[in-house]
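These are the residues of each chain, in order.
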Amino acid sequence: MKSIDSQLIAARPGLPYTTQLFVARTMDIVYNLKPRRNWRLSHLSKPALIALAIAALALISGTAYAIYTFWAQPAAHTQSMQQNQYGRTQAIIDLHDCFQQPGSATFEVKKGSDLTAQDIANTVQAQCETKAIESWGHSLKPNVNHTTEDINITPGSELADINGAVFTVNFDGAGNSSETANKDTVFVDKGFKTNKSAFKKGDAVILISDNTYGPQYGSPLTSTLLAVVKLSLPAKYYSAAMQNSLAERTPCAGNIADTCLDGGASIDVWPRGEGSNDSAPAPVANSLRIQGQIVSHSGANFVLKSSSGALYHLTASRDVISEFNALYAPNYQNATITVGDMLDVRYNPPATADKKVRANQIVSIKLLIDFTSKQNPPTKY
Amino acid sequence: MFSVESLAQAETFCLHNRILTMKDQDEQTTIAAILSGHPERYADLVTRYHIGLIIHCERIVGSRDDAEDVAQEAFIKAYQQLHKFNSKQGRFSTWLYKIATNIALDFLRRHKRQLRVDNLDDFLEATMPTYLQDEERRAVQKAVTELMPPEYRKVIEAYYWHGKNYQQIADELGTPINTIRTWMRRAKLQLKGKLA
């Protein structure tokens, strides 16, 4: 029998204006995801498959260790560090075998963080390594039936205890969780196959498990430890605190002469989502993005100076900055928006040579803040 | 006379109505389009399922903020694994909800919290996705509009259809949150009688 809750959810009429913000935020992440490689071979021609088989045979009969290398171990080195125009430490990092990343990337250090050049490189390397392991972890059981099972991959955590076959890990002091190794559990040390004796308390590890579920989803019926992976760096580099200390600067979507901070935290200026009557257009696939400091603000108009020094002239549907200051800033420790503050604006095409953005193009306006944790009051970027 | 904005809003409204009444076959077409290089089409699926999914996650993790995080993680995970989704084994929504349930239960474990319910399966089932025929949809919508007093209708619409949480509804109606809970309970009892 259908519950009242599920009937009400299923009977929802078309009411687009209330929760577009969640959709926009989720799609923002989707657009920024790197495409996942699909290693199915069915699309390859017969000669290509034969060539691949020959290459595999050559590999097996060649260097002994090659067949045990599950992924290329990434490395990151800080090439240079400098202060950028926003007074932040910015580092160019050379990347080697970083999961699907180009040879170098620019990272900005959050205000108040005292990461050294080595810390920055290590934190980036930890990101690359985690992505490589996650990809490998999912390949251990590529045909998982998601209605009855799922691959669970812990974040990089500290090995709190080994008791017989039981591995107990602790992530960021958030409590312990345990998994039990079996005869098929694979032990890996920095990409190479090893054995259980290579692990000791205090190591940084990732546990990969195969969880199965009953027809009615609930706690896993079984959890099979597929792999215990020893990481290349101390656990602190995989922690949320370290990972949140860095944000990558990448070319802004549609405005590649400028850079935008990825993965930074922000407060919604417009639309305000639930409870407001704001009606923003949905972002289209080729929507643009710009970040910049406010250099002037008058009514619905404001001008942003981007990282390249270009000026973007934006017109909102109304004076959303003053409205935010009056109505919503009190909710954020009076984080009122003034000239000099950094805004992030996503908008739909067209892009014009004079860098003017009209009200009906604007998808969202956000005030950039420095993220520390949900519990702390926001600090403007 | 229509303004440009109101026409655009009307078009958006129609688009969202189409998404919310999407049939299974349309959903397969959408998924095929996403997999063939049109990630923007994923917004159709997020639009269609996010309010229900957030409500489902909120029942498990107990807070709207955490539920939104969990639901978002589920949408991202589903997107990344979309090439593995097999429609012959079930509906996309069932698959998505199971991913979200798993993340939500993991969230509770990580935070050393427990669900205090008599029967976990029954508890989770209450907000799992269901499918209504057009006639059934209309019957539910009609039953909601007929709720008395009108405040009952407002809380049901705000929570289930507009995606608002109890605190937001309380703020909007200028009513204590506990009153909102009471109205919600009574409204659902009335609906149970009407839809039985």
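Provided above is the structure to which this section pertains.
In short, a report on the structure. None of the values given here were measured: they were computed from a predicted structure.

Turning to the overall build of chain B, a few remarks are in order. For chain B, the helix and strand inventory stands at 10 helices and 0 strands. Ordered by position from N to C terminus, the α and β elements of chain B give α-α-α-α-α-α-α-α-α-α. In chain B, which comprises 196 residues, the proportion classed as buried is 48%. Partitioning the contacts of chain B with sequence separation of at least 6, the portion at a separation of at least 24 is 62%. In the form shown here, chain B has an accessible surface area of approximately 9,900 Å², with 49% of it arising from carbon and sulfur atoms.

Paired through their backbone hydrogen bonds, the strands of a sheet run either parallel or antiparallel. Residue and element names in this part refer to chain A. With antiparallel pairing, 5 strands are arranged side by side in an open sheet as β1-β2-β3-β12-β13. The open sheet has two edge strands, β1 (75-83) and β13 (255-262), and neither has a second partner. Taken over all neighbouring pairs, the strand axes of this sheet differ in orientation by 35 degrees on average, direction set aside. By the bridge criterion, 5 bridges tie strand β2 (residues 89-96) to strand β3 (residues 104-109) in an arrangement that is antiparallel. Of the residues in β3, the one forming a bridge with A91 is F107.

Residues and elements named next belong to chain A. Here the bond from P349 into P350 is cis, since omega is 10 degrees, no more than 30 degrees from zero. Among the structural elements, P350 can be located in the loop between β18 (342-347) and β19 (356-357). The phi angle at Q333 is positive, at roughly 55 degrees, despite the residue not being glycine. In this structure, Q333 sits in the loop between α6 (320-328) and β18. Look at Q333 and you get exposed, because its relative accessible area is 58%. For K355, which is not glycine, the phi torsion reads 55 degrees and is therefore positive.

Our focus in this paragraph is the interface of chain B and chain A. Interface size is commonly expressed as the accessible surface area that is lost when the partners come together. Facing 69 residues of chain B, the contacting portion of chain A comprises 54 residues. For the pair chain B and chain A, the summed buried area comes to about 5,800 Å², and 60% of that belongs to carbon and sulfur atoms. For chain B, the biggest contributors to the area lost against chain A are K84(B), K98(B) and W161(B); these three give 11% of the whole. Viewed at the interface, chain A and chain B are joined by 2 salt bridges. Between the two partners, chain B and chain A, sit 12 residue pairs in polar contact (both at pLDDT 80 or more). Examining the composition of the side of chain B that touches chain A, we find that 11 residues originate from one element, helix α4 (residues 64-80) of chain B, more than from any other. Grouping the amino acids of the side of chain B that touches chain A by side-chain chemistry returns 28 nonpolar, 20 polar and 21 charged.

Looking now at empty space enclosed by the protein. Residues and elements named next belong to chain A. Evaluation of the coordinates by the stated rule reveals 4 cavities of 30 Å³ or more. Its volume calculated, the largest cavity comes out at about 60 Å³. Lining the largest cavity are R88, E108, V109, K110, A247, L261, G264, A265, L368, I369, D370 and Y381. Of all the secondary-structure elements, those providing two or more residues to the lining of the largest cavity are β3 and β20 (362-370). The dominant element in the lining of the largest cavity, judged by the number of residues it contributes, is β20, at 3 residues. For the lining of the largest cavity, the residue count by class is 7 nonpolar, 1 polar and 4 charged.

Scoring rules and cut-offs
- Residues numbered from 1 in each chain as written.
- Chains lettered and ligands numbered in written order.
- Predicted model: local features only at pLDDT ≥ 70, side-chain atom pairs only at ≥ 80, totals over all residues.
- Heavy atoms only, no water.
- Helix = DSSP H or I, 4+ residues; strand = E, 2+ residues; numbered from the N terminus.
- Buried < 20%, exposed > 50% of the residue type's maximum accessible area, 1.4 Å probe, protein only.
- Contact = heavy atoms within 4.5 Å.
- Areas by Shrake-Rupley, 256 points an atom, 1.4 Å probe, with all protein chains shown as cover.
- Pairing = 2+ DSSP bridges.
- Axes fitted to C-alpha atoms, helices over the stretch in contact; angles between N-to-C directions.
- Buried area = accessible area lost by both parts, 1.4 Å probe.
- Salt bridge = Lys/Arg side-chain N within 4 Å of Asp/Glu carboxyl O.
- Polar contact = N/O pair within 3.5 Å; in protein donor to acceptor, adjacent residues only side chain to side chain.
- Nonpolar A, V, L, I, M, F, W, Y, C, P; charged D, E, K, R; others polar.
- 1 Å grid on protein atoms, 1.4 Å probe; cavity = no way out; pocket = protein on both sides within 12 Å on 5 of 7 lines; lining within 4 Å.
- Points joined across faces, edges and corners; volume = space filled by probe spheres on them.

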